[in-house]
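Summary of structural features
Listed here are the chains, written in short residue letters.
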Amino acid sequence: MFRTRRTTTSLAAALASALLLAGCSGGDDGSGDGGGSTEPVTPEQFEEAMSTPTELTFWTWVPDIQNQVDLFEQEYPEIDVEVVNAGQGLDQYTALRTALRAGEGAPDVVQIEYQYIPSFLLDDNLLDLSPHQGVADLQDQYPEWVWEQVSRGDAVYGIPQDTGPMGMLYRDDLFAQAGIAPPATWDEFAQAARTYREVNPDRYITDFPPNQAGQMIGFMWANGAVPFRYDGEETVTIDLGTEEVTEVVRYWQDLVQQDLVGVDPDFTDQWYQALSNGTYASWLTAAWGPVFLQGTAENTSGLWRAAQLPQWQAGGQSTGNWGGSTDAVIAGTDNPIAAAELARWINVEPEPAMRLATEQFLFPPSQEILEDPAFLDAAPEFYGGQQVNRVFAEASEQVNTDFGWLPFMDYVYSTYEDTMGPAIAERGDMLAALAQWESQLESYAEEQGFTVE
Amino acid sequence: MRTQRRTPVPAGAAAGAPRRRGTSPARRRQHRAAYLLVAPFMLVFAAMLVVPLGYAAYLSLFREQLIGGTSFVGLDNYVRALTDSAFLEGVGRVALFLVVQVPIMLGAALLFALLLDSGLLYLERFVRLAIFLPYAVPSVVATLMWGYLYGPDFGPFAQIAEALSLPTPRFLSSDWMLGSIMNVLTWEFVGYNMIIMFAALRAVPADLYEAARVDGAGEARIAWSVKIPAIRGALLLTAIFSVIGSFQLFNEPQLLSILAPSVIDSAYTPNLYAYNLAFTNQNINYSAAVAFLLALVIAVVSYVVQLSSQRRERNS
């Protein structure tokens, strides 16, 4: 039903999806993990819940999300949603964990990035959304890799809000000056880095930030590595010794040690300056990068272009994801039906979802918007009129499907900074640091009672 | 600054007074009234300080795992901390910080206080305010400001160096970082310590100076032999505050770690380590043990500082 335009009333939509759902899940006794029934919510239950005066709390750091919430409240006048910005990323998760632990003060609906979903599955803190209206049949609406990130078997733990398939932004003028073409493979990229450095001795083709585990993990993902896994119970897999991982680390180690790339930490003033004054001629980033860069390097408008991430094999079509969020429902909510509908509605219904993409510039996960000319045809002047969304929409199809996380990503990132960070910053032995990182992760996992494979 | 500050009484001075135990009914009634009057304070003190401390101590005896729940482990967390190189390196780093930065900061504060007290300076009020002003800047703002000044490309120092074609000072590199943090702390707290010392100097009876002058002492000699001994209590106070402040170093490294994440790791100072253990590693129990051990270290060092100053007093 997702491909069809929105049917007349919400009741009709609810009925239709309930029928579909009932059809799909016939005979499925549900691999129920944790609490929460996997019995589909009936249209009557849904109708009753949505017409009962209800208050929901929604934690998110998306700017202007109130616009989408207002639309939701128009649709369901009985539901009153309070939007709370409880901090961004880690700050919010810390607040959320504290609230969950205290047993009160947790929101009903909460923004969670893909890589943090496993950590909130630990104590069954997230509601399985699959029995709820219109959720189970969302699967075909997203690229496979996105669904893989939010689901576990039949269970669904978050509604995708935005994603970050990786690509490359580069300064067309600086590349042309140095006589290099946008590199299609990593070999070409390394060659271009050398050429660029010969032409511009004080500049680099790009920065390889020592603090940015997200980018590095994205590079691993692009190379088909699966360094982490969590089975949802007690077993984690930590494997940073595979060829797919070491190939990436060795590649960057070569560039770093030969002084062919910069090693400034990213998202600092220093780094913003470097992007706008041409110290770095490219940024290997994700789909949220183009809009971010426009705000950061305004003075270079018209000079940037977007391209796919360099490939390991010529003609390859493979990338990773870096960033993006979901909206999830906390298992302890008193109003699971209304909460699930809020998470679904603002991210799935055409109007709010399209506005997320075109007003808040969140890169859309949904195929429908990724194929919508209204989204694809945007030709920002900052990129010389290039249809940048098309580049990243294409990248979204090339993200490797299989990728997992550990249920303690905060620790994964902080130990990355402690081990890999200094090795990169001092242009030292990154492979030794990689081994150190892995062993710290393993001993932490064991100490926390996980079985490590 | 107008108000007259009393020189803090050196600890131990009061302990020497003989204690009389009153048993008369009037005396007892007086005691009851006294307890009633301090009750509000004691309640707040207990609720906000004693109970959280006790809870932290209780937490430090357990181990909670993400898988497997909570179990009582006795002093295991403490034993682990004592062999934890990350913790010990952090303690070593702040100890080095203490040994280098505190004498510089207190020396400068004392020098300024003596100069201001001597009345030899022009624009005395202005100078006093100017030195004190950095303390009025919140430490977060001060660190952000210094972080900008330290910037390796566009920071003013870097640009001056470039203009003079000198090598760029690398304030945020691993070799310089501790010194850079010392500089921020010194800038922030010289004025604060100076004010304490200056207030103490103002409380010294002027006849002491007159007597010294009659004996033929110059300004320098008066400063050394009369003023400094007279404000020993204030000096001890600033020294102990500085010891505590050094061991609890947190804001500055935490903020500078954004600029130099690979230099300032998650265990750069013991407090930073305790924070990261609790909130990044979700290891609240171990974090509580680390925090308690740190408090113990601070108590011991403060006691040593106090003891050595008393011994010096007795010897003089």
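Source: prediction; values computed, not measured.

Describing the environment of Met194 of chain B
All names here are of chain B. As for its position among the elements, Met194 is in helix H7 (residues 177–202). Overall, Met194 belongs to the buried group, its relative accessible area being 0%. Each C-alpha atom, one on Met194 and one on Leu235, is 9.9 Å from the other, the two residues being 41 residues apart in sequence. In this view, Met194 contacts Ala109, Phe112, Ala113, Leu116, Arg128 and Ile131; residues no more than four positions away in its chain are not counted.

Here's the deal with the packing of aromatic side chains
One pass over the full model with this rule turns up 57 aromatic pairs over all chains. Seen from their ring centres, Tyr142 of chain A and Trp147 of chain A are 6.0 Å apart, and the 10° between their planes marks the pair as stacked. No difference in accessibility class separates Tyr142 of chain A from Trp147 of chain A, as the two residues are buried. Ring plane angle 40° and centroid distance 6.5 Å describe the contact between Phe267 of chain A and Trp288 of chain A, whose orientation is recorded as tilted. Here the residue Phe267 of chain A occupies a position in the loop between helix H10 (243–257) and helix H11 (269–276), and Trp288 of chain A occupies one in the loop between strand E9 (282–286) and helix H12 (289–296), the gap between them amounting to 21 residues. Look at Phe267 of chain A and you get partly exposed, because its relative accessible area is 28%. Residue placement shows Arg80 of chain B over the ring face of Tyr286 of chain B; its charged tip is 3.8 Å from the ring centre. Geometry around Tyr209 of chain B places Lys227 of chain B over its ring, the cationic atom sitting 5.1 Å from the centre.

A short note on the confidence of the model for chain B
Per-residue pLDDT for chain B has a mean of 88; in total, 92% of the residues score no lower than 70. Note that pLDDT drops below 50 for residues 1–17 of chain B; the model gives that stretch 15 contacts with residues more than four away or on any other chain.

Structural notes on the domain arrangement of chain A
Residue and element names in this part refer to chain A. Each domain of chain A was delimited in the assignment, giving domain 1 (12–21 + 31–163 + 323–364 + 372–376) and domain 2 (164–322 + 379–452). For domain 1 and domain 2, the distance between their C-alpha centres works out to 29 Å. For the pair domain 1 and domain 2, the number of links is one salt bridge. Ionic pairing is found between Asp410 and Arg97, a salt bridge with its closest N-O pair at 3.1 Å. The interface formed by domain 1 and domain 2 includes eight residue pairs in polar contact (both at pLDDT 80 or more). Going through the elements one at a time, helix H4 (90–102), helix H5 (117–121), helix H6 (144–150), strand E11 (321–329) and helix H16 (373–376) are the ones with two or more residues in the side of domain 1 that touches domain 2. At four residues, H6 tops the list of elements feeding residues into the side of domain 1 that touches domain 2. Split by residue class, the side of domain 1 that touches domain 2 holds eleven nonpolar, six polar and four charged.

Definitions and cut-offs
- Residues numbered from 1 in each chain as written.
- Chains lettered and ligands numbered in written order.
- Predicted model: local features only at pLDDT ≥ 70, side-chain atom pairs only at ≥ 80, totals over all residues.
- Heavy atoms only, no water.
- Helix = DSSP H or I, 4+ residues; strand = E, 2+ residues; numbered from the N terminus.
- Buried < 20%, exposed > 50% of the residue type's maximum accessible area, 1.4 Å probe, protein only.
- Contact = heavy atoms within 4.5 Å.
- Phe/Tyr/Trp six-rings, centres within 6.5 Å; stacked < 30°, edge-to-face > 60°.
- Lys NZ or Arg CZ within 6 Å of the ring centre and 35° of its normal.
- pLDDT = per-residue confidence, 0-100.
- Domains from an automatic or database assignment.
- Salt bridge = Lys/Arg side-chain N within 4 Å of Asp/Glu carboxyl O.
- Polar contact = N/O pair within 3.5 Å; in protein donor to acceptor, adjacent residues only side chain to side chain.
- Nonpolar A, V, L, I, M, F, W, Y, C, P; charged D, E, K, R; others polar.

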